[in-house]
Amino acid sequence: MEGNSGNREQWGSRFGFIMAAAGSAVGLGNIWRFPYITGKYGGGAFVLVYLAVVIVLGSSLMLAEFAMGRRAKLDSVGTFRKLGGGAWPIVGWMGFFCGFVILSYYAVIAGWTLAYMFKSFGGLMEAAAAGKAGDVFGAFVSDPVQAIAYHGVAMAIVIGVVYRGISGGIEKSCKILMPALFLILVLLIIRSLTLPGAEAGLRFYLLPDFSKLSSEAFLAAVGQGFYSLSLAMGIIITYGSYLGKHEYMPKMTGTIVMLDTAVAIMAGLVIFPAVFAFGVDAGAGPGLTFVTLPIVFAKMPMGAFFSFAFFALLFIAAITSAFSLLEVVVTFAIDELGWSRAKSAIVMGIAIAVLGIPSALSVGGHFPKICGKDFLDAMDFITNNAVMPIGGMLTSFFVGWLWTKGAKDEVTNFGEHDFPFYTVWLWVCRVVAPVCIGLIFITGLKW
Ligand code: PHE
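Residues numbered from 1 in each chain as written. Predicted model: local features only at pLDDT ≥ 70, side-chain atom pairs only at ≥ 80, totals over all residues. Heavy atoms only, no water.

In the nomenclature of an unreviewed UniProt entry, the protein is known as Transporter of Cloacibacillus evryensis. The record held by UniProt for the protein lists under Subcellular location (unreviewed entry) the comment "Membrane". Taken from UniProt, the Sequence similarities (unreviewed entry) comment for the protein reads in full: "Belongs to the sodium:neurotransmitter symporter (SNF) (TC 2.A.22) family." (UniProt positions renumbered as here; feature names shortened; annotations may be inferred.)

Peer 1: So what's going on with the site of the ligand? Which residues, and what values?
Peer 2: Lining the immediate environment of the ligand, one finds 14 residues, of which Ala-25, Gly-29, Tyr-106, Tyr-227 and Ser-228 sit closest. Contacts to the ligand include Ser-24, whose backbone N or O atom sits 3.4 Å from a nitrogen atom. A distance of 3.0 Å separates an oxygen atom of the ligand from a polar side-chain atom of Asn-30. For the ligand, whose unbound accessible area comes to 320 Å², protein coverage reaches 100%. According to the grid-proximity analysis, the pocket containing the ligand is the largest cavity. (Near = heavy atom within 4 Å. Polar contact = N/O pair within 3.5 Å; in protein donor to acceptor, adjacent residues only side chain to side chain. Areas by Shrake-Rupley, 256 points an atom, 1.4 Å probe, with all protein chains shown as cover. 1 Å grid on protein atoms, 1.4 Å probe; cavity = no way out; pocket = protein on both sides within 12 Å on 5 of 7 lines; lining within 4 Å. Sits in = over half its atoms within 2 Å of the grid points.)

Peer 1: Please provide a residue-by-residue account of the nonpolar core, values included.
Peer 2: Counting 161 residues, the largest nonpolar core has Phe-17, Phe-66, Ile-170 and Trp-425 as its most contacted members. Setting aside residues no more than four positions away along its own chain, Ile-170 makes contact with Trp-11, Ala-20, Val-161, Val-162, Gly-165, Tyr-239, Phe-323 and Glu-327. (Core = buried A, V, L, I, M, F, W, Y, C linked by side-chain atoms within 4.5 Å. Buried < 20%, exposed > 50% of the residue type's maximum accessible area, 1.4 Å probe, protein only. Contact = heavy atoms within 4.5 Å.)

Peer 1: Describe the packing of helix α5 (residues 89-120) against helix α8 (residues 144-163), listing the residues and the values that go with them.
Peer 2: How two helices pack is summed up by the angle between their axes together with the distance between the axes. Look at α5 against α8: their axes get within 7 Å of each other, and the N-to-C directions meet at 105 degrees. As the angle between them shows, α5 and α8 are arranged roughly perpendicular. Contact residues: Leu-103, Ser-104, Ala-107, Val-108, Ala-110, Gly-111, Leu-114, Ala-115, Phe-118 and Lys-119 in α5; Gln-146, Tyr-150, His-151, Val-153, Ala-154 and Met-155 in α8. Considering only residue class, the contact of α5 with α8 consists of 11 nonpolar, 4 polar and 1 charged. (Axes fitted to C-alpha atoms, helices over the stretch in contact; angles between N-to-C directions. Helix = DSSP H or I, 4+ residues; strand = E, 2+ residues; numbered from the N terminus. Parallel < 35°, antiparallel > 145°, perpendicular 65-115°, else oblique. Nonpolar A, V, L, I, M, F, W, Y, C, P; charged D, E, K, R; others polar.)

Peer 1: Give me the lowdown on the state of the cysteines, citing residues and values where you can.
Peer 2: In total, this model carries 0 disulfides according to the counting rule given. This cysteine, Cys-436, is not joined by any disulfide, and Cys-429 carries the nearest cysteine sulfur, 12 Å off. On the accessibility criterion, Cys-436 (9% relative accessible area) is buried. (Disulfide = S-S within 2.5 Å.)

Printed below as a string of structure tokens:
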């Protein structure tokens, strides 16, 4: 049933493909997690470690995954079956599982960002100015109707786009949304850096403090790099399966890694100067985004406008990542089950939306905890701390030791001299990546 590989869809243009892949990579991780861990682990010093990690490890695994997908021209399960056989499709199943489960809660948070775009003009600023930003967020997430409705809207958008296909849906949307994201980001950076007192934040964020670098910082960089580049979840394999033979993958991979990293670093230039200028405490994740930042926006002139722009930025980042998650599952249904794209997008999309309901309810306390964790956090833990690292280790091992000849053909398809780092790349896949991912797996297993 290796169905549609003959007349498989393809990306319409190189630019479109890069925007789509960058859309997957640039997500909530870039905006609400990267700046925070950078501040925590030594600012500029951490940025250097992070750069080394994504250049050496992240881009190697991304290239390996693109190579696999382009060669097999199949979904993640079919790719491992065709190139590896035996029990290898299990690694592909892990990708399917991650896409399904991560999207279920990622869409919940995408829904929050959408709601906050509207709330920016609907009383959020007034409430935040009165010290009630936390109450607004609490009331919002514990209202089951709103929590589920916005999740449903986010899923409907994702389904609608993926339904329209690779070039007509995902690529077309990302070609508009990603440049828009970039413009909003630049606008917000200018606003933030011109606030009186911005330098203190800049200093905290970027001044290198090498004393904070530790093995823990290194592992944080590895984990963040993998998550941020959407690796080891079948996504890059899937996007690669729609790539034409004549694309030079090492360069495209470099461009995508660079864009993702640039957005992550730039996000910190929005957050820290603003947070320090108004003397509020910076944290990470939902607390920072939905409670702290509204307080900051409420204190600046035209705050509602900048708040709207910021949540639009987050919404774009989240929704373009969500497209890629659904695409993994949809490509699986097309290639493995022989379904049409329309049926795959609708049926799988609805199933994922249903699985998201417990996550949507859990944050407001309307769903029982799983061994002390909210359902949403439990889903996040299982995918990111357990399944993703195992999949990543196995994928790099597979490319480095077993599927070596095919991989070489794919990554050096423009002639061997055009990919001068081939040997380095090979040994990263063989040894460096499995070891580093193994370490984050072991240290990340604490529930
Ligand atoms: N790369 C995305 C981010 O940085 C997260 C993500 C992971 C998206 C996996 C899709 C799949 O937020």
